[in-house]
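Residues per chain, in single letters:
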There are 6 protein chains.
Amino acid sequence: MKLTVVSPLLGEEFADGVRKEVAQWAGPDTVIDVVKVERGVASIESEYDEALAGPGILEQVALAVERGAEGVFVTCFGDPAVHAAREIVDVPVVGGFEPAMLNALSLGESVGVITVLDNVVPMIRGLVRRYGLTDRCQSVRVVDLPVLALDAHEELLERLYTEARSVVDSGEADVIVLGCTGMIGVAAAVQARLEADGVFVPVVDPTGAAILWLESQIRLGVRPSRATYMPPPPKDRRM
Amino acid sequence: MKLTVVSPLLGEEFADGVRKEVAQWAGPDTVIDVVKVERGVASIESEYDEALAGPGILEQVALAVERGAEGVFVTCFGDPAVHAAREIVDVPVVGGFEPAMLNALSLGESVGVITVLDNVVPMIRGLVRRYGLTDRCQSVRVVDLPVLALDAHEELLERLYTEARSVVDSGEADVIVLGCTGMIGVAAAVQARLEADGVFVPVVDPTGAAILWLESQIRLGVRPSRATYMPPPPKDRRM
Amino acid sequence: MKLTVVSPLLGEEFADGVRKEVAQWAGPDTVIDVVKVERGVASIESEYDEALAGPGILEQVALAVERGAEGVFVTCFGDPAVHAAREIVDVPVVGGFEPAMLNALSLGESVGVITVLDNVVPMIRGLVRRYGLTDRCQSVRVVDLPVLALDAHEELLERLYTEARSVVDSGEADVIVLGCTGMIGVAAAVQARLEADGVFVPVVDPTGAAILWLESQIRLGVRPSRATYMPPPPKDRRM
Amino acid sequence: MKLTVVSPLLGEEFADGVRKEVAQWAGPDTVIDVVKVERGVASIESEYDEALAGPGILEQVALAVERGAEGVFVTCFGDPAVHAAREIVDVPVVGGFEPAMLNALSLGESVGVITVLDNVVPMIRGLVRRYGLTDRCQSVRVVDLPVLALDAHEELLERLYTEARSVVDSGEADVIVLGCTGMIGVAAAVQARLEADGVFVPVVDPTGAAILWLESQIRLGVRPSRATYMPPPPKDRRM
Amino acid sequence: MKLTVVSPLLGEEFADGVRKEVAQWAGPDTVIDVVKVERGVASIESEYDEALAGPGILEQVALAVERGAEGVFVTCFGDPAVHAAREIVDVPVVGGFEPAMLNALSLGESVGVITVLDNVVPMIRGLVRRYGLTDRCQSVRVVDLPVLALDAHEELLERLYTEARSVVDSGEADVIVLGCTGMIGVAAAVQARLEADGVFVPVVDPTGAAILWLESQIRLGVRPSRATYMPPPPKDRRM
Amino acid sequence: MKLTVVSPLLGEEFADGVRKEVAQWAGPDTVIDVVKVERGVASIESEYDEALAGPGILEQVALAVERGAEGVFVTCFGDPAVHAAREIVDVPVVGGFEPAMLNALSLGESVGVITVLDNVVPMIRGLVRRYGLTDRCQSVRVVDLPVLALDAHEELLERLYTEARSVVDSGEADVIVLGCTGMIGVAAAVQARLEADGVFVPVVDPTGAAILWLESQIRLGVRPSRATYMPPPPKDRRM
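Residues numbered from 1 in each chain as written. Chains lettered and ligands numbered in written order. Predicted model: local features only at pLDDT ≥ 70, side-chain atom pairs only at ≥ 80, totals over all residues. Heavy atoms only, no water.

Under an unreviewed UniProt entry, the name given to chain A is Aspartate/glutamate racemase family protein, and the organism recorded is Nocardioides aquiterrae. Recorded in UniProt for chain A, the comment headed Sequence similarities (unreviewed entry) runs: "Belongs to the HyuE racemase family." (UniProt positions renumbered as here; feature names shortened; annotations may be inferred.)

Structure (structure tokens):
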């Protein structure tokens, strides 16, 4: 099975981190190609960044499928250009939000998201409403670290644990979703620290959830509905 | 008062039509500048088109405000890049969806949208959920004409009337919103034909609603909240 | 354009305050007549007051339209008798709730209302549900001042600021709506104080929002749908 | 136990019909007094009628409690002035909508209302939203007979049966609520005709449901919460 | 009128307590038989307990109706096997949740549940969603006492009062529902203590609410809809 | 990876069919054990059947985990005893509803379920509300075949295609979920027939979705939250 991960960020470094990370989630028969956009933004931390990132992402998604990708993961929690991408290719496409959130729904009564900065909280609340999940997800918190500072793992881990602990103890949510695909390689550690306090609370890693979502949909033989994601009519398009 | 209308379409013709139209809605002290994007798509009829249109729209919004615009209308019913635009400027910004829909809510129990093509129906349903309006808007219909064919006014008028009649008679909705800002200069005529059948049903023109929305917000002294639309952090952004 | 504002309170003083206030919101071509009810209550601070105020309001609305009003604003945040009034006249009619709340929806992710007394909070929550806006408005606070004490501007301003600050800081809402049309002439000052703290948060004045809403609907050529607001059948009615 | 039924209609005839009807629902220890308003309207078939009926109803509710009523039923499906009444007396007060609808919720998956005229359908939909019941009640139909023509029992019965049959067969609802308290003495007959077709479908009579609701609340020792229905502050009130 | 109360617990003691309690709620013409399951669990404090209790409850419901019961109350707040029971008998069947919650909805703006242990909170939240009541019930608290310790009345009363006070003071809810049918004979006392603080807040006893609900439905001549609760097809069933 | 599938039906035949089916969905490293209940019902087609099936299912789930299962699939679309099972074991447990529905949400705007008999439609609507998915799933249809007749593949396929075609053409839903885990081995064929009509519409097989869901959760290192699914307190339990 051949998947492509599209890093929507300009920098090479993030793509490298993703490359290492996704290799760990891939099934035995899965080959994952990681590519990055050629234009867009250094990191996505606002609706503005997301809008600027769109065209570059769509280029890479189209290219990936031309090169044989059977599924595409746009590695950003805001699902940027994901619905657009489903219109132009015939394979499953996901971002970070949808697989993690839907997976989390099957793990407990209520889902809490912990993301990077206050700037993206309204965007995430908007996604929760757009996907129709308000009844199950009310809590969105932040670690107050920008995307490009997330590789300070100790600091990140500490803050994630503190917020998660508080979310669970206050009864805001029973399942934690890491709300940024740049929070790489920390979900298991946060989950372990929460469990060490006495009660198991799952922490969903959006990257792992996305890779496994694609594998599942491909193995199930499904892809996005053309009754929802119709092919865009041909017309002049200039970037 | 100085407003700018951003046409998110590449063609000059649509911008010309908009120019004539908005002049009729402007208040006595309002000066409206109509500009168009320099890159993007010929028309917006899919999430793909919308994603490609984003960067070009944001450029024009920023430019408009630099040149003194006190309010900006992105003339597309899908509200493309509108939330992103609110992050980068300090004036009211609206698209076609929000002012028309909110206005319509004050005119009757339920709102029905009549748009161009089946392709954009899921996008509109997604907007209805994102804005939290599902309880009041369930009906989305199409005239099955592409955006660039909307200047065939007779045909358009006929189809809008037929759909609107059917929406009201079936009890789907009590207020009609034209679901494309390219449906220029027909709202009053559709409304008149519906009324001639015996019962007055308002038909909301999204262009008029948007212009008047901007005028109202400027006169009220409000603009989008920075608690929602925070300024994007500085970073590398390359298109 | 000719508008009438109906003060639903018995006292002359409130009507005088409204008269000065609305003059400031009126457009250059708008003439606003302010009338008051001849029977009803001294102030509306309960569902009981609202029910008693109904017949007097409807008399004045009918009279206003007979005298040529092209739009009517019933100046109370509870929208008393507003839906009833739409059944009996052929012009736009609004109260204080609907224009302010719908306007606020376009300014941020979530809307918080600050009203007078605990007594009216359940009434406002009922309106939020009736209008289908629960997903966007959860926060309703009070300044704990009765309507007729609102002319103590300094005290009112101080309390509004304190509540608004707390609403925003706790993340309850990103946009503030003043929840009483008797809170005259303070919205801009509260907004300025909030902004002085560093982040712009819009504060919507329900009186201004209502006047501009009427102007907009009249200029758009729309009025309430007769598919919702049907003319009441003729019958014996005695007050 | 002493109950008072307030007929919100001017005519003596309706009160007489109610008198006979409620006697049949009363428990062995229940004494029911039926009174009618002294001012208001001949029948309630619009929000306008409802607003005009309010003060007269509130007078009678207050009087009834002064005279010892332990519970009050305002016999109209629109629950006119019911919430207002709860503010001014210390006993349970209900209209026709709430007891019938809540009772119906325990009888099947979805509830359908069959009311008199199209005029009141938006009012009923507004009540459904205000009470937070949209997920369980989507179907509102009419027999197209005015309130004062409801004593033509054969015609009424026939039309109720026809609509109820269609509601159930189309899957719109599994439980029927008669949406007018003037539909007296027909619920059982409609229910019997539906059952004769082969499948039992309950038909809830709003008058019976209301009387039994009051009896239940009195026997339970509960009455409306003063945290919701606070006593209106003293002030000048003139009708 | 002949009712049967099914105690879903193995112990004789609980059934004895129920026997005394329900006698106080029964109407003058009502005879109540209390039976208990022959297999199942000592108390229901988890979904696991609820699932194990199901078959034993259904046996007793069927038996009760064979013996002439005209209505059945399964005395557990989780409504265990209640919907299943409605499929197999032709009389009203209720548990503790539905009558108490629906009754409470008519007593105030928002409903708060106070139950036994954290273990059952997610189950109650699930019921709130299943019944479509989320807009009116958000608050679920616990006294942190297991079901079989509830006969320590002083301790229970104290904890219920403390939680109820806090629910009302924080604005979480305006009406209290006791969230366990094992909280016998304390509702009135909690209500009295709350009222002694100055504001009347109703406290709904689920046992009383259920008995009166059954009496009401029987007197109304309704029972669960066969369009929802269809008779299970005949087949092999072995326990 | 070691999974156990629990067939909640008494018959050996169904378990055999499941055994063949799940082998096809299993990943290369997955070993799937299929067991069946020792007491319960021949098929689950009502809430009554579901309640009777519960204890037998829970026995098998506990046994399976004792024997080393790392994940358990209770192969019934009604998710019988699934939440209860999560309380007593420390591995992921799913039924047929949740994985199929959540997967489907990522494939299109709206989800339609096609199940066996009218009897189970209210149960499925109840699940949709319990899981908080009403905004995305409104359409539930039936093929009108009992569970044990589903091996007539041609007839089943024909009826599934007819209903699915109608669901999509009427705009009720854009993604189809097979609403019975007894509909084995037909999803791909229905999907192919729909696509042959010109537009690709995914058809989700609940068995495949469930197996892959378990594999994904195990590989992600998550399992149900103990903040939701707390261990049942020890007590007397007798079946």
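Novice: Account for the domain arrangement of chain A, naming residues and giving values.
Specialist: Accessible area lost upon the coming together of the parts serves often as the stated size of an interface. Residue and element names in this part refer to chain A. Splitting chain A by domain gives domain 1 (2-96 + 208-220) and domain 2 (97-206). Placing the centre of domain 1 and that of domain 2 at their C-alpha centroids yields a distance of 21 Å. Taken together, the contacts link 29 residues of domain 1 with 31 residues of domain 2. Contact between domain 1 and domain 2 buries roughly 2100 Å² in total, counting both sides, with carbon and sulfur atoms accounting for 62%. Counting the contacts that link domain 1 with domain 2 gives 1 salt bridge. Put simply, Glu98 and Arg86 hold a salt bridge, and the shortest N to O gap is 2.6 Å. For the pair domain 1 and domain 2, the interface holds 12 residue pairs in polar contact (both at pLDDT 80 or more). Where the side of domain 1 that touches domain 2 is concerned, the elements lending two or more residues are helix 1 (12-25), helix 2 (47-66), helix 3 (82-88) and helix 8 (206-220). (Domains from an automatic or database assignment. Contact = heavy atoms within 4.5 Å. Buried area = accessible area lost by both parts, 1.4 Å probe. Salt bridge = Lys/Arg side-chain N within 4 Å of Asp/Glu carboxyl O. Polar contact = N/O pair within 3.5 Å; in protein donor to acceptor, adjacent residues only side chain to side chain. Helix = DSSP H or I, 4+ residues; strand = E, 2+ residues; numbered from the N terminus.)

Novice: Please provide a residue-by-residue account of the interface of chain A and chain F, values included.
Specialist: Taken together, the 47 residues of chain A in the interface contact 47 residues of chain F. Both sides together, the interface formed by chain A and chain F hides about 3800 Å², and carbon and sulfur atoms give 56% of it. A per-residue breakdown of the area chain A buries against chain F is headed by A:Phe200, A:Arg219 and A:Leu220, which together make up 17% of the total. Viewed at the interface, chain F and chain A are joined by 4 salt bridges. The shortest N-O distance in the salt bridge between A:Arg223 and F:Glu195 comes to 3.2 Å. Across the contact surface, chain A and chain F share 29 residue pairs in polar contact (both at pLDDT 80 or more).

Novice: Break down the relation of the copies chain A and chain F for me, with residues and values.
Specialist: Relative to chain F, chain A is turned by 180° and slid 0.0 Å along the rotation axis, the superposed coordinates differing by an RMSD of 0.0 Å. Expressed as a symmetry operation, the mapping of one chain copy onto the other fits a two-fold axis. In terms of C-alpha distance to the rotation axis, chain A has A:Leu102 as its closest residue, with the C-alpha 2.9 Å off the axis. An overlap of 100% is found between the interface residues of chain A and their copies at the interface of chain F, pointing to a shared contact surface. (Least-squares fit on C-alpha atoms with pLDDT ≥ 70 in both.)

Novice: Can you lay out the sheet that holds strand 1 (residues 2-9) of chain B for me, pointing to particular residues and giving the numbers?
Specialist: As a general point, the strands of a sheet are linked pairwise by backbone hydrogen bonds and lie either parallel or antiparallel. Taken in spatial order, the 5 strands line up as 9(A)-2(B)-1(B)-3(B)-4(B) in an open sheet, and their pairing is mixed. Bordering the open sheet on either side are strand 9 (237-238) of chain A together with strand 4 (93-94) of chain B, each of which pairs with just one other strand. Here helix 1 (residues 12-25) of chain B sits on the sheet in contact with strand 1 and strand 2 (31-41) of chain B, set at roughly 160° to strand 2 of chain B. Contacting strand 1, strand 2, strand 3 (71-74) and strand 4 of chain B, helix 8 (residues 206-220) of chain B runs over the sheet at an angle of about 160° to strand 3 of chain B. (Pairing = 2+ DSSP bridges. Axes fitted to C-alpha atoms, helices over the stretch in contact; angles between N-to-C directions.)

Novice: Please provide a residue-by-residue account of the interface of chain E and chain F, values included.
Specialist: Contacts between chain E and chain F engage 40 residues on the former and 40 residues on the latter. Counting the surface lost from both chain E and chain F, the interface buries some 3500 Å², and carbon and sulfur atoms represent 61% of this. Note that E:Arg237 and F:Asp49 form a salt bridge whose closest N and O atoms lie 2.7 Å from each other. Across the contact surface, chain E and chain F share 22 residue pairs in polar contact (both at pLDDT 80 or more). Those elements giving two or more residues to the side of chain E that touches chain F turn out to be strand 2 (31-41), helix 2 (47-66), helix 3 (82-88), helix 5 (121-130) and strand 9 (237-238) of chain E. Along the lines of polarity and charge, the residues of the side of chain E that touches chain F split into 20 nonpolar, 8 polar and 12 charged. Sheet analysis places strand 2 of chain E next to strand 9 (residues 237-238) of chain F, joined by 2 bridges and oriented antiparallel. Each bridged residue has a counterpart across the sheet, and for E:Gly40 the counterpart in strand 9 of chain F is F:Arg238. (Nonpolar A, V, L, I, M, F, W, Y, C, P; charged D, E, K, R; others polar.)

Novice: Talk me through the pattern of salt bridges; I want residue IDs and the actual numbers.
Specialist: Pairing between side chains of opposite charge can happen when their charged atoms approach one another. Applying the stated criterion to the full structure yields 114 salt bridges over all chains. In this structure, E:Asp49 engages F:Lys235 in a salt bridge whose closest nitrogen and oxygen atoms are separated by 2.7 Å. Taken together, the residues E:Asp49 in helix 2 and F:Lys235 in the loop between helix 8 (206-220) and strand 9 connect one chain to another. Among the residues examined, E:Asp49 registers a relative accessible area of 0% and is labelled buried. (Buried < 20%, exposed > 50% of the residue type's maximum accessible area, 1.4 Å probe, protein only.)

Novice: I'd like a rundown of the relation of the copies chain E and chain F, residues and numbers included.
Specialist: Mapping chain E onto chain F calls for a screw motion: a turn of 180° about the axis and a shift of 0.0 Å along it, with 0.0 Å RMSD after fitting. Same-surface contact between copies: 100% of interface residues of chain E are shared with the interface of chain F.

Novice: I'd like to hear about the side chain of A:Glu215, residue by residue, with values.
Specialist: You can see A:Glu215 is positioned in helix 8. When its relative accessible area of 3% is taken as the criterion, A:Glu215 is described as buried. Ignoring anything within four residues of it in the chain, the contact list for A:Glu215 reads A:Met1, A:Leu3, A:Trp25, A:Ala26, A:Gly27, A:Thr30 and F:Arg219.

Novice: Any chance you could break down unusual backbone geometry for me, citing the residues and the numbers?
Specialist: Its identity as a non-glycine residue notwithstanding, A:Ala81 has a phi of 65°, on the positive side. Within the secondary structure layout, A:Ala81 lies in the loop between strand 3 (71-74) and helix 3. Phi is positive for E:Asp144, close to 60°, though the residue is something other than glycine. Here E:Asp144 shows up in the loop between strand 6 (139-142) and helix 6 (153-169). Judged by its relative accessible area of 52%, E:Asp144 is exposed.

Novice: Break down the state of the cysteines for me, citing the residues and quoting the values.
Specialist: Tallied over the entire structure, the rule returns 0 disulfides over all chains. Counting only cysteine sulfurs, C:Cys76 is the nearest neighbor of C:Cys180, a cysteine outside any disulfide, at a range of 7.0 Å. The class of C:Cys180 is buried, set by a relative accessible area of 9%. No disulfide involves D:Cys137; its sulfur sits 16 Å from that of D:Cys180, the nearest cysteine. (Disulfide = S-S within 2.5 Å.)

Novice: Break down the sheet that holds strand 5 (residues 111-115) of chain E for me, with residues and values.
Specialist: Residues and elements named next belong to chain E. Read across the open sheet, the 4 strands follow the order 6-5-7-8; overall the sheet is parallel. Edge strands, defined here as strands with exactly one partner in the open sheet, are strand 6 and strand 8 (203-204). Where strand 7 (residues 175-178) and strand 8 come together, 2 bridges link them in parallel fashion. When the bridges of strand 8 are listed, Val177 appears paired with Val204.

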